[in-house]
Every structure is written in C-alpha cells, then in structure tokens.
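# Residue-level structural notes
Here is how the chains run, residue by residue.
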Amino acid sequence: MQTFSNGIAVGAVLFLMASGLSLLIGAMGVLDLAHGAVYMVGAYLGWTLAIGLGQPYPVAVIGAGVGAGLLGVVLERLFRRVPGMPDEQILLSFGLIYVITNVVQWVWSPIAKSPFDVSWLEGSVHVASVAIPNVRLAIAVVGFAVALVLWYVQERTRTGAIVRAGMDDANMVRALGIHLDWVVVGVFVLGSAVAGIAGAMGGLVLGASSAQAIDVLLLALVIVVVGGVGSVVGTFAASMLIGVLDAFSRSLVPGMSSVAIYALMALVLVVRPTGLSGRLAR
Amino acid sequence: MKVKVLVAAIGVLAVMVLVGCGGGETSTTASTAASGSTETTAAETATSAQPTKASITVGVLVPQTGFAANYGPEAQQGIDMALAEMGVDSGVEVKIITADEDVLDASNTLERLKKMVETDGAQIVIGPVFGSSQQAVAPYLTQAKIPWFSFLGASKDLAGSGGTAFVWPGADQLTAGPLGDYAAKTLGYKKIATLAPDYAYGHDSITGATDTFTAAGGKVIQQQWVPLGTTDMLQYATKIDKNADALLMWLVPSDAASFVKEYRNLGVKIPLLMFLGIFDPTFQEVGDLLVGEIGLNEYNPNLDNARNTAFVQSYKAKYNAIPNQTTAFAYTVMENIIQGVQKSGGKTSVEDLRAAMNGMALDTVIGPATYSPDGIASSNRYIVKAAQAADKTYIWDPIETYENVGAPK
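Now for a quick tour of the structure.

### Considering the overall build of chain A
- Of regular secondary structure, chain A possesses 11 helices and two strands.
- If you list the helices and strands of chain A from N to C, you get α-α-α-α-β-β-α-α-α-α-α-α-α.
- In terms of overall dimensions, chain A is globule-like: its C-alpha atoms have a radius of gyration of 18 Å, near the 19 Å expected for 282 residues.
- With the principal axes as the frame, chain A shows a C-alpha extent of 55 × 45 × 35 Å.
- Taking all 282 residues of chain A together, the buried fraction comes to 57%.
- Within chain A, counting contacts between residues at least 6 apart in sequence, those at least 24 apart form 76% of the total.
- Carbon and sulfur atoms make up 71% of the accessible area of chain A, which totals about 11,100 Å².
- Within chain A, the 12 negative side-chain charges are centred at a point lying 6 Å from the centre of the 13 positive side-chain charges.

### Notes on the packing of aromatic side chains
All names here are of chain B.
- Per the stated rule, a full pass over the model turns up 18 aromatic pairs over all chains.
- Aromatic pair Trp-168 and Tyr-371: ring centres 6.2 Å apart, planes at 40 degrees, arrangement tilted. In this pair, Trp-168 sits in the loop between strand E5 (165-167) and helix H6 (172-175) while Tyr-371 sits in strand E12 (residues 367-371), placing the two residues 203 residues apart along the sequence. Here Trp-168 and Tyr-371 have matching classes, each one buried.
- Arranged with centres 4.8 Å apart and planes meeting at 40 degrees, the rings of Tyr-315 and Tyr-319 form a pair that is tilted. Of this pair, Tyr-315 and Tyr-319 both sit in helix H12 (residues 306-319), four residues apart, roughly one helical turn.

### Digging into the sheet that holds strand E3 (residues 124-126) of chain B
Residue and element names in this part refer to chain B.
- Judged by pairing direction, the sheet is parallel, and its five strands sit side by side in the order E2-E1-E3-E4-E5 without closing on themselves. At either margin of the open sheet sits one strand with a lone partner, and together these are strand E2 (92-100) and E5. The mean angle between the axes of side-by-side strands here comes to 25 degrees, regardless of whether they run parallel or antiparallel.
- Inspection of the sheet shows strand E1 (residues 54-62) paired to E2 by nine bridges, in the parallel sense. Residue pairing across strands places Val-62 opposite Asp-100, the latter belonging to E2.
- Relative to E2, helix H13 (residues 325-343) is tilted by about 140 degrees, and along the sheet it contacts E1, E2, E3 and strand E4 (148-150).
- On top of the sheet, helix H14 (residues 350-357) reaches E3, E4 and E5; it is set at about 25 degrees to E5, its chief contact.

### Considering the environment of Pro-408 of chain B
Residues and elements named next belong to chain B.
- Inspection of the secondary structure puts Pro-408 in the segment after strand E14 (394-405).
- A residue is classified by how much of its surface remains accessible, and Pro-408, at 45% relative accessible area, is partly exposed.
- For the pair Pro-408 and Ser-372, spaced 36 residues apart in sequence, the C-alpha separation works out to 8.7 Å.
- With near-sequence residues (within four places) excluded, Pro-408 lies in contact with Lys-156, Leu-174 and Ile-376.

### Section: the environment of Leu-24 of chain A
Residues and elements named next belong to chain A.
- The residue Leu-24 is located in helix H1 (residues 2-28) in this model.
- With relative accessibility at 0%, the residue Leu-24 sits in the buried group.
- Along the sequence, Leu-24 and Ala-50 sit 26 residues apart, while their C-alpha atoms lie 28 Å from each other.
- In contact with Leu-24, not counting residues within four places along its chain, are Gly-29, Val-30, Asp-32, His-35, Val-187, Phe-188 and Gly-191.

### A closer look at the packing of H13 of chain B against H14 of chain B
Residue and element names in this part refer to chain B.
- In the contact formed by H13 and H14, the axes pass within 8 Å of each other and the chain directions differ by 100 degrees. Taken together, the axes of H13 and H14 lie roughly perpendicular to each other. Each of Asn-336, Gly-340, Val-341 and Lys-343 in H13 lies in contact with H14, whose residues at this interface are Leu-353, Ala-356 and Met-357.

### Quick look at helix H8 (residues 180-206) of chain A
- Taking 1.5 Å per residue, 27 residues should reach 39 Å; H8 of chain A reaches 37 Å between its end C-alpha atoms and fits that length.
- Within H8 of chain A, 21 of the 27 residues are buried, which leaves it mostly tucked inside the rest of the structure.

### Some points on the interface of chain A and chain B
- Taken together, the 54 residues of chain A in the interface contact 41 residues of chain B.
- On the chain A side of the interface with chain B, the three residues burying the most area are Ser-114, Ile-214 and Arg-250 of chain A, jointly 14% of the side's total.
- Between chain A and chain B we count two salt bridges in total.
- Across the pair Lys-261 of chain B and Asp-117 of chain A runs a salt bridge whose closest N-O atoms are separated by 3.5 Å.
- Our enumeration of links across chain A and chain B arrives at five residue pairs in polar contact (both at pLDDT 80 or more).
- Considering only residue class, the side of chain A that touches chain B consists of 34 nonpolar, 14 polar and six charged.

### Quick word on the pairing of strand E13 (residues 377-388) of chain B
Residues and elements named next belong to chain B.
- Counting buried positions along E13 gives nine out of 12 residues, so the element sits mostly inside the fold.
- Of the pairings in the sheet, the one linking strand E10 (residues 294-297) to E13 comprises four bridges and is antiparallel in character. Opposite Leu-296, over in E13, you have Ile-383 as the bridge partner.
- With two bridges joining them, E12 and E13 adopt antiparallel strand pairing. Residue pairing for E13: Thr-370 is matched across the bridge by Ser-378.
- What sits between the antiparallel neighbours E12 and E13 is a turn of five residues, in which Gly-375 has the positive phi angle 90 degrees.
- Bridge count for E13 against E14 is nine bridges, and the pairing is antiparallel. Considered in E14, the bridge of Arg-381 is made with Tyr-402.
- If you look at the hairpin formed by E13 and E14, you'll find five residues sitting between the two strands, and Lys-392 has a positive phi there, around 75 degrees.

Analysis parameters
- Residues numbered from 1 in each chain as written.
- Chains lettered and ligands numbered in written order.
- Predicted model: local features only at pLDDT ≥ 70, side-chain atom pairs only at ≥ 80, totals over all residues.
- Heavy atoms only, no water.
- Helix = DSSP H or I, 4+ residues; strand = E, 2+ residues; numbered from the N terminus.
- Rg over C-alpha atoms; globule rule 2.2 N^0.38 Å.
- Buried < 20%, exposed > 50% of the residue type's maximum accessible area, 1.4 Å probe, protein only.
- Contact = heavy atoms within 4.5 Å.
- Areas by Shrake-Rupley, 256 points an atom, 1.4 Å probe, with all protein chains shown as cover.
- Lys, Arg positive; Asp, Glu negative; His and termini not counted.
- Charge placed at Lys NZ, Arg CZ, Asp CG, Glu CD.
- Phe/Tyr/Trp six-rings, centres within 6.5 Å; stacked < 30°, edge-to-face > 60°.
- Pairing = 2+ DSSP bridges.
- Axes fitted to C-alpha atoms, helices over the stretch in contact; angles between N-to-C directions.
- Parallel < 35°, antiparallel > 145°, perpendicular 65-115°, else oblique.
- Expected span 1.5 Å × (residues − 1).
- Buried area = accessible area lost by both parts, 1.4 Å probe.
- Salt bridge = Lys/Arg side-chain N within 4 Å of Asp/Glu carboxyl O.
- Polar contact = N/O pair within 3.5 Å; in protein donor to acceptor, adjacent residues only side chain to side chain.
- Nonpolar A, V, L, I, M, F, W, Y, C, P; charged D, E, K, R; others polar.

Okay, structure coming up:
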C-alpha cells in the first residue's frame, strides 16, 4: 500500500507537469516542447516568492502561474509564426529551451535549489501503515483540483466545446464565425499557467533546477503519448498509471526502473496508438 | 502522424538527457570564461614577483552544469585562492583551463578531456569528481601518461600500477572506514541500512564503511542503491528497514537534502550516519533537520589548526561565506601540485611527480598529510555531530579524529 500511495503521489506531480502540454498540443496542434522550460521558470518563480521573498506559499504558487502564463503569451506569438509545421516548431522549441535555460542560469545561478521549505506542510499523514507526506498531499490536492477545473472547462463549457471543435476541425469552427485565434491564445496562457503552478508545487519535492527543462518535458511527453493528446481524463489516467508503475518498478526491480515507463509507452503505441483516451489531434 | 512526431521528439529528448545537452551544458562557454580570468591572475602574479622557473598547464574537469553544478564554482574558488597565495613565491607559472564534467554521460567528459589535453595542452588534470567519470577517463589518461589529481577521492585501483591518479584525501574504499568503526565501537550500533547512488563511488565508499562496521561485529540488513539522476526520494525514504539501528548514507548534496526532507516528513526516527561533504552547499537549508546526527568529515571549516584558520579567514574575506569541502580540497590539491612541481624541478611526468611527492610532509587544511609511493594520500578523518552555533548557523562539530586514513597500509 505504501508503494501504491507513493505512486499516486508521484502521479499527481506528473499530471501537473503534463496536463498543460497535453492541452497545448491537443488544442493548437503545436508541439510546444518548451513546456518543460515553462515548468522550470514556474519552479524558480515559486522559489523566489516563497523562499527568497518569504511570501505565503499559495501566493508563490499563484505568482508562478501568472508569470508562466505571461511567458505563454510570448511563446504563443512565436509559435503563431510556424503554424502546421512540426519540424519548424520542434526547432523553435529547442532554441527556446536553450535560451530560457540560460536566462534562468544567469538569473538564479546553475546551482539547483533544494526542495522548498514550507513549515505548515511539514510532517505526514498516517493511514494504517501508510505514511503520506503533507507536501505530497498538497500536490495531490492541487493536481486533482487542476484536473477537475480543466475537465470542467473542456467538457462542460462553451469555451471547452469550441476548443474541442477546434481540435477536430479548425476551419469549420472559423467558418461558424468563432474567433478561434483568441481561444488559442487563451489555451496557451492556461496551459503555460498550469505548467507554472506545476513548477511551484513540484518544487516542494523536486526543488528547482535548470535540468528540469528537459527532464520534465521528457516525462510529460511520455504521459501525453500514453494518455492521448488533448484529453484531461487520458492525461490524468496516464499520470497515475506511470506514477504507480514507476513506484513499483523502483521497489521491485530497481535496476529496470528507468526503462519501465518507456516500455509502457512502447506497449501503448503498439496496442493503442492513439493513447488511453483514443483521441486524435488535428 | 502526430503521435509519430511526439515519439520522435521523445527519442531526441532521451538522447539529449543521455548525452547531457540539457541546461546549456557545453564546455566551450565554461572553459572560456573560467580560464580567462584564472590564467591571467596566476601568470601575472607569478611573473611579476620573480623569474619563472617552471610553467605548467593544468586542466580542471569538474561539473559546472546540471544537478552537480555546485562543484564547478566551488572548486574554482579554491584553485584561485591557492594560486593567489602561492603564485608570488612558487616560481611556478600556472595556466588554468577548464571544462564541464558531464555527470550523466562519461563519454562526453572523455571527449572534453581529450580536447583539454590534445588541443589545449593540459599537462596535469584536476578532476573529474564522479566515480563514473573517473573510470571512463582513467584509461585515456594512463595511455597519454597524464597525471590527474582527484581532489574528492577516487578508487585506489586508479593509482599506482593501475593508472596515473593522485588521490586526495584518500582512496574511496578506505576513506569512510572510520564511520563504520565509530558506529559499531562507540555508538554500539548492531544493524545498519545503507543508501547511496548506484555508481562506482557510491559502492566504494559505502563498502569502506560497511567493511569496518561488519569487522567490528555489526550487520548490514538493507542496502538501497539510487540510480544516478533520480530526484524523487520518496520511494527510498519509505523503504528504510525500521529494524535498523541507523541509516548509513551518502547522496549528492541536492539529493541528500531532498531525501532528508522526505525522511523527516515521514517521521522516521532512525539515526543517520552521513559522510563526505555532507550537504554542501545545502547544509544550512536542512541543518535544523539534522541537529544531533553523526557524520564523517574529511574537511570541516571548524577544524582547529593554523592552516585551516588562515584559509577560512581568507575565504571569508574574499567571498563573505564559509568554505566547504570542495573548495578546501581544490585549494589543497592545487597547492600540492605546485609543491610537487617545485620539488621535481618543473617536471610533470607521473613518475617525477610521484617521486617528488612520496613522503612529502604536507601541512594542509585538514592537518598533516602525506602521499604514498602510489600517489594516494593519507590524512585525518573527523567524526562530527551536527549542531547549531551561537550565531544560529548550523555546523558539523568535530568530536573525534582518526589519523592516517586513506592509503592502503
């Protein structure tokens, strides 16, 4: 049970990392591989606000989300110039990763920040023989809340319907007189803000490091492939599945733990190429 | 089509992670920036004081990016201080060139080392730091007959007939021995669990401590090896065997801080036994979680000897901070290199340096030390206890000294 609980806790972090990316790829058809860098910026902003400036942690999380959302506006303007061109989008992404990473190293130094200290989140909750650190619970709560909000917006609102329709046939949506570009900007800002919130929350257990731009992106992409692009439910299921798989593989076959999630991805690609959600991106 | 592109992107990213391209990890930038300033300082200081008797090029190969990026600037500070202090009188002109040790891909480190030696003309190398890097570069350095100084330990197998290493402050397999001995004989522990990274240094150093622990009648009941690059420590913290009297651990500083936070949050009460550069540079961030815990230090800024007192004062004056082990040992090794080159009459071959340094009585920041004929140092080890000083900072308070540790007897 302890291992399963650990996996759910890890899965919550993974969901926060991946949900914004899934939304961006699904809604816009843009391969924003700079998403990991946005997460990284969120982690450093969270550290600056909470540790550097001593602000309450919820303020730091919101600040990280706002900062990352603003960065999302800039990224959207850049990706707008290479619509429907995946090769160019990937090249642009890698350029942005290097630029953002170097700016972060310049501003915060290359030395990683250790996990953030938040006094009211110290300790753990014990349920029978299972111990769950409070920081993990906090991450899980935020992760589930974000999942719920994203699911509600995507599945139960008019805006979500436009986004889903845009994923399937953007030209038809435009033909109906809907200004899809503004929706796309909004989705980009939302996805980036979620990445910023993920960075600040993930910082509670992972700290902040300039290596996260790549490390986080790699995990997030695997989750998007396994969950299916653009699906909140699929991303959530994939995150939990991979979190639990990672926990059990580290516990039972430590030597193989680093390849377990890639083996799962390969299996999903063979059995169900569209991912758990079965949704195709445009 | 979209999924194919995503999978291709994952493949590219995986390769980037494996070859360490993330985080702007290129040797060129670091090398240029670091070598420029250091080279000028050393050369100008030496030549302005007296005619130069010897001129050497020293390559510094330590991590400058990624999760172990703290090693680079910390080592550079120590080297700068040694050059500034010795440059005037040493008669040895030192040119420093630097490159980034890629902790996650030793082949990258090897390529950067080759450039350092074959293109930039390094005659002596300081570093690399990580055991996996050391194992990867040692055959090349042996073949090229380049002496290299490991300033944070190395396997004894890389010195003597096994290679061209000079190992400071002692061999990995032996250096942590006092902690196992102290745990069994003084603390009376019977059963311990261990936690360390799953690479050469982690295994060697943990084995050094468990060998002395079991030799004194103790038993190792659990060993966890953490894959290199793992940042989420929850799995390992929750799996500690609750029957252990203590947990013997070493992790890289940022991971150690993560682990201790998880450990404390879970409410685990099993005492910790920690060794070697524990938590530098994150100790102050987690010091409150460690008060009362026992560790083993090679270097400690609170050591009571004249060399260390002067070093700490000088460091404080220059950097307004307390030096850590990485800085102190880079300082010591740079000093040792100059002393060796002075005694060898400017010769830098492995044989000449070993002959020059064999038995040389060294007065260092950790007390008296010597090098064996194989180039392995013997020096003091200190059992320390974490405490809070009067100024509210956290310190490792030395409580017992083990002498002449590090070289095979």
